[in-house]
Amino acid sequence: MTFEPEKLGQSRSDLAEVLRGQRKRAGKTQTWLARRCTMSQTKVSNIESGKLTPSLVDVELILEALGADEAISTEILSLARTANTEWQDHWSSRRRGLDKKQNELARLEAASKEFRFFLLSMITGLLATPEYVRASIADVPGDQSKTIAKKLERQQVLHEPSKSFTFILTEQAVRWPLLPPVEMSMQLDRLTSVSRIPNVRLGIVPLGGYIPERPLNTFTVYDRRLATVETATGALILRDHRDVTAYLNDFETYERYTIFGNDCRELLEGWSLFFSRQR
């Protein structure tokens, strides 16, 4: 399947239309299909109207119930996979206003319980000092004070006891000198502080020893239902369970090379001291 970002949104309506057409050609009602797939009639209606994007499992159940042949099933499942992928480019986000993106992230965080962050090259906003947040969007024109305030406000989610967070940062992400030395020292102290929050695990993959892996992107997994993958020009939002599982497996792999707890804090304190001496 060729990846064409501009078609990702259209694929949802296309999928709704083709599934509705398959049911009608089979001469079945929504009620019949719902009963055969152990779904509610409302869910089937929402899928066929495009209000709800079905998972690949949902689509497989529908196609099996309707007796779709192999060639048609393959084509529709390919469309379903595209429909479960969303592309958010940085330019569109900036045109809408980065503060709107913060609202979207806050809603996603409110709806999730378990978070896994793999941070390859930078420190994420949930862990950042105000200075780091400001520097991370310094290339965005205009007044970004509202965006900065909302990024910092989102950090309160770390203190919700019903949620759990695991942050894996590479040594490069931690030590990349985005700020002047004294402010970098303060940022590392912030990481040390966050690592002591009871429902937070924060660890570092040090640049030493032998690591036969090759991470390509920063990514986040929300519960076991959604993964976001960052690139230089935007982010992919993945809902296909196979994609999400692949990133969960990657996360578990990197976790084996990660230093947590007091050993992690010793590294952070040493690097913080290094920056503080560069006045």
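All residue numbers refer to position in the chain's written sequence, counted from 1. It should be noted that, the model being predicted, local features are given only for residues of pLDDT at least 70 and side-chain atom pairs only at 80 or more, the latter also being counted only at that level, while totals for whole chains, interfaces and linings use all residues. Side-chain calculation: all heavy atoms of the structure are included, whereas hydrogens and water are not.

A few words on the pairing of strand S5 (residues 219-222). Side-chain alternation along S5 places Phe219 and Val221 on one buried face and Thr220 and Tyr222 on a second face that is also buried. Any two strands between which DSSP finds at least two bridges are classified as paired. The numbering of helices and of strands both runs from the N terminus, where a helix is a DSSP run of H or I of at least 4 residues and a strand a run of E of at least 2. By the bridge criterion, 4 bridges tie strand S2 (residues 114-119) to S5 in an arrangement that is antiparallel. By the bridge assignment for S5, Phe115 is matched with Tyr222. Bridge analysis of S5 against strand S6 (residues 226-230) gives 4 bridges, and the strand direction is antiparallel. Here the term buried applies to any residue with accessible area under 20% of the maximum for its type, exposed to any over 50%, and partly exposed to those in between, with areas from a 1.4 Å probe on protein chains only.

Chain-level pLDDT for the chain is 91 on average; 96% of the residues reach the 70-or-more range. The predictor's confidence in any single residue is recorded as pLDDT, a number from 0 to 100. By definition, residues are in contact when any of their heavy atoms lie within 4.5 Å. Segment residues 5-9 is flagged for pLDDT under 50; beyond a separation of four residues in sequence, or across chains, it makes 6 contacts in the model.

We now examine helix H4 (residues 56-66). For H4, the complete set of buried residues consists of Leu56, Asp58, Val59, Ile62, Leu63, Ala65 and Leu66. Phi for Gly67, located one or two positions after H4, is positive at around 70°.

For the rest of this paragraph, the subject is unusual backbone geometry. Of note, Thr38 is a non-glycine position whose phi angle comes to about 55°, a positive value. Its place among the elements puts Thr38 in the loop between helix H2 (30-36) and helix H3 (41-49).

The next point concerns the nonpolar core. In terms of nonpolar packing, the biggest core is built from 39 residues, with Leu127, Phe165, Phe167, Leu169, Leu202 and Leu268 touching the most fellow members. For Leu169, the contacting residues outside a window of four places in its chain are Leu119, Ile123, Leu127, Val174, Leu191, Leu202, Gly203, Ile204 and Val205. Counting 18 residues, the second largest nonpolar core, distinct from the first, contains Leu15, Leu19, Met39 and Leu66. Buried Ala, Val, Leu, Ile, Met, Phe, Trp, Tyr and Cys residues form a nonpolar core when they are joined through side-chain atoms within 4.5 Å.

Let us now look at the pattern of salt bridges. Should a side-chain nitrogen of Lys or Arg be within 4 Å of a carboxyl oxygen of Asp or Glu, the pair is scored as a salt bridge. Under the criterion given, the structure shown has 13 salt bridges. The salt bridge partner of Arg116 is Glu114, with a shortest N-O separation of 2.9 Å. Ionic pairing is found between Glu255 and Arg201, a salt bridge with its closest N-O pair at 2.6 Å. Highlighted residues: Glu255 in helix H12 (residues 241-255) and Arg201 in strand S4 (residues 200-205), separated in sequence by 54 residues. Using a relative accessible area of 24% as the deciding quantity, one classes Glu255 as partly exposed. Put simply, Arg81, Asp240, Arg242 and Asp243 are held in one network by salt bridges that share partners.

Right, let's talk about the sheet that holds strand S7 (residues 234-238) for a bit. Strand order in the open sheet formed by 7 strands is S1-S7-S6-S5-S2-S3-S4, with mixed pairing between adjacent strands. The open sheet is flanked by strand S1 (85-89) and S4, the only strands paired with a single partner. For this sheet, the mean angle separating the axes of adjacent strands, direction not counted, is 10°. One ladder, built from 4 bridges, connects S6 with S7; its direction is antiparallel. Residue pairing in the sheet places Glu230 in a bridge with Ala235 of S7. H12 contacts S2, strand S3 (164-170), S4, S5, S6 and S7 of the sheet and is inclined by roughly 115° relative to S5. Here, axes are lines fitted to C-alpha atoms. For helices the fit covers the stretch in contact, and angles between N-to-C directions go from 0 to 180 degrees.

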